[in-house]
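Each chain, written out:
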Amino acid sequence: MSHEGDCFLVPGPVRMADNCLQAMATPVMTARGPEFRDVMAGLNSGLRYAFNLSPSEGVKKTQSWTGEDGYKVVVVSGSGTAAMEMVIANRFRANDLVLVPTNGKFGERVAHICEQFCNVKHLKYEWGRSFDHYEIEQQLERGCYEALLICHNETSAGITQDAEAIAEMCERHNVAFILDGITSVGGVPVHPAEWKAEAVVMGAQKCTAGPSGIAAVAINAHCEERIRAIHLQGDTGPKYYLDMMAALKKGDDDQTPWTPAINLAMGWSAALDNLKVETNEGRWARCERLATGVRALFTDLGFGLLADNGQRSNTVTAILYPEGIDDAWRTALKDTYGTQVIGGQDHLKGKMFRIGSMGETPVEEMVEGCRRMLACFRDFGHDLPEIDVASYFA
Ligand SMILES: Cc1ncc(COP(=O)(O)O)c(C=O)c1O
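Nothing here was measured: the structure is a model prediction, and the numbers come from that model.

Here we come to the domain arrangement of the protein chain. For the protein chain, the assigned domains read domain 1 (7-13 + 279-393) and domain 2 (18-277). Domain 1 and domain 2 are separated by 28 Å when their C-alpha centres are compared. Facing 28 residues of domain 1, the contacting portion of domain 2 comprises 36 residues. Contact between domain 1 and domain 2 buries roughly 2600 Å² in total, counting both sides, with carbon and sulfur atoms accounting for 48%. Considering only the surface of domain 1 that becomes buried against domain 2, Asn-280, Trp-284 and Gln-311 emerge as the three largest contributors, covering 25% of it. For the interface between domain 1 and domain 2, the tally reads 2 salt bridges. Between Arg-129 and Asp-308 there is a salt bridge, with its nearest N and O atoms 2.8 Å apart. The interface formed by domain 1 and domain 2 holds 20 residue pairs in polar contact (both at pLDDT 80 or more) in total. Elements with a contribution of two residues or more to the side of domain 1 that touches domain 2: helix H10 (280-300), strand E11 (316-320) and strand E14 (352-356).

Right, here's the structure in full:
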């Protein structure tokens, strides 16, 4: 089978499947009626599956947002950043100190959000470099941290943190572990309960191939308890729309405090049905197959990858441009070859490109997209041998 038409290989928003688009075209329903509660229950159940939590029935009035493991999923009308801010704004008091190791733009954003609400020790590593676990351990030994927060899959640099090892350190030091899982949940293995993560955040438009503008949080019982205690003490920072207490009040009833993103919820629920059919394991394996192929192909051709070997992401690969090539290549790739990848951010703008391997991207599309990328590099005078691209994704 081959791929025809555009290749859309960006690390989110990703292409939405027809059933997702069609679900969003459903005529409007009221926000408080039984129809929407059915939608929310289905969405909650799909989210619990994507977060790799214990199952719930997608049926209203059955507490679909929670399950045996005690985690609750909370849907947020807003993108992933809003969901991350919701966790941080509600979970910490102004005097709390949190540890935030980072190696890219989105980790740095986590640190900046934390700075709005509490004290932050920011361990800033170069983009794409692995965290120094010894340094993290030394920090945690000081015994002064309330929590450690990471961007699990750093989309700006194509690196996935060793969450299991960090979770183990957090548990030993009795420190809450919170993850931005915006480009990991649904794309790489995430185990909130095993890692005893207090909160994990995901965005619909990434690995679950839902629409942009809706996100979700999974919180465990301890996180909820802390949020309630801090609220009772009147010790929280400023918030209104993102008040977790308001969301917790409505959850049992398959409702949200404010008018929900009704049609986005319908679309995301349909996209999560597709994930259930593929299974988490199936999707993780496909993302790995796509990213492994991309990494091997471009490395064999002499390209440099930004992220440290051993922790390279399976949902996004950051590839350095060869000498003399910049983002004009990306423009040509789009205009001439109908193929989109994304560029570098901040200081890496114009120095690299990133290939997304998340969502429902079929292998054939990746093969065809890579062929076009190589053709476009040749157009730019970069000498490349003829190579059997498909063999890298077999
Ligand atoms: C890892 C990560 N965190 C956070 C964000 C921000 O998410 P959003 O744009 O949905 O607010 C992104 C977006 O690309 C991301 O990749």
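After presenting the structure, the write-up continues.
Turning next to the environment of Ser-156. Mapping Ser-156 onto the fold places it in the loop between strand E6 (153-154) and strand E7 (159-160). Along the primary structure Ser-156 and Asp-180 are separated by 24 residues, whereas in three dimensions their C-alpha atoms are 13 Å apart. When neighbours within four sequence positions are excluded, Ser-156 is seen to be in contact with Gly-104, Lys-105, Phe-106, Trp-127, Leu-306, Gln-345, Met-352 and Arg-354. Within the structure, the side chain of Ser-156 is placed 2.9 Å from the backbone nitrogen of Lys-105, a separation counted as a polar contact. Within polar-contact distance, the side chain of Ser-156 engages the side chain of Glu-154 at 2.6 Å.

Attention now goes to the site of the ligand. In the vicinity of the ligand, 13 residues are found, and the nearest of them are Ser-79, Thr-81, Thr-155, Asp-180 and Lys-206. Note that an oxygen atom of the ligand is positioned 2.5 Å from one of the side-chain N or O atoms of Thr-155. Take Gln-205: an N or O atom from its side chain is 2.9 Å from an oxygen atom of the ligand. When the ligand is considered free in solution it has 390 Å² of accessible area, and contact with the protein chains removes 87% of it. Contributing elements (two or more residues each) for the shell around the ligand: helix H3 (80-91) and helix H4 (105-117). Here the residues of the shell around the ligand sort into 3 nonpolar, 7 polar and 3 charged.

Calculation criteria
- Residues numbered from 1 in each chain as written.
- Predicted model: local features only at pLDDT ≥ 70, side-chain atom pairs only at ≥ 80, totals over all residues.
- Heavy atoms only, no water.
- Domains from an automatic or database assignment.
- Contact = heavy atoms within 4.5 Å.
- Buried area = accessible area lost by both parts, 1.4 Å probe.
- Salt bridge = Lys/Arg side-chain N within 4 Å of Asp/Glu carboxyl O.
- Polar contact = N/O pair within 3.5 Å; in protein donor to acceptor, adjacent residues only side chain to side chain.
- Helix = DSSP H or I, 4+ residues; strand = E, 2+ residues; numbered from the N terminus.
- Near = heavy atom within 4 Å.
- Areas by Shrake-Rupley, 256 points an atom, 1.4 Å probe, with all protein chains shown as cover.
- Nonpolar A, V, L, I, M, F, W, Y, C, P; charged D, E, K, R; others polar.

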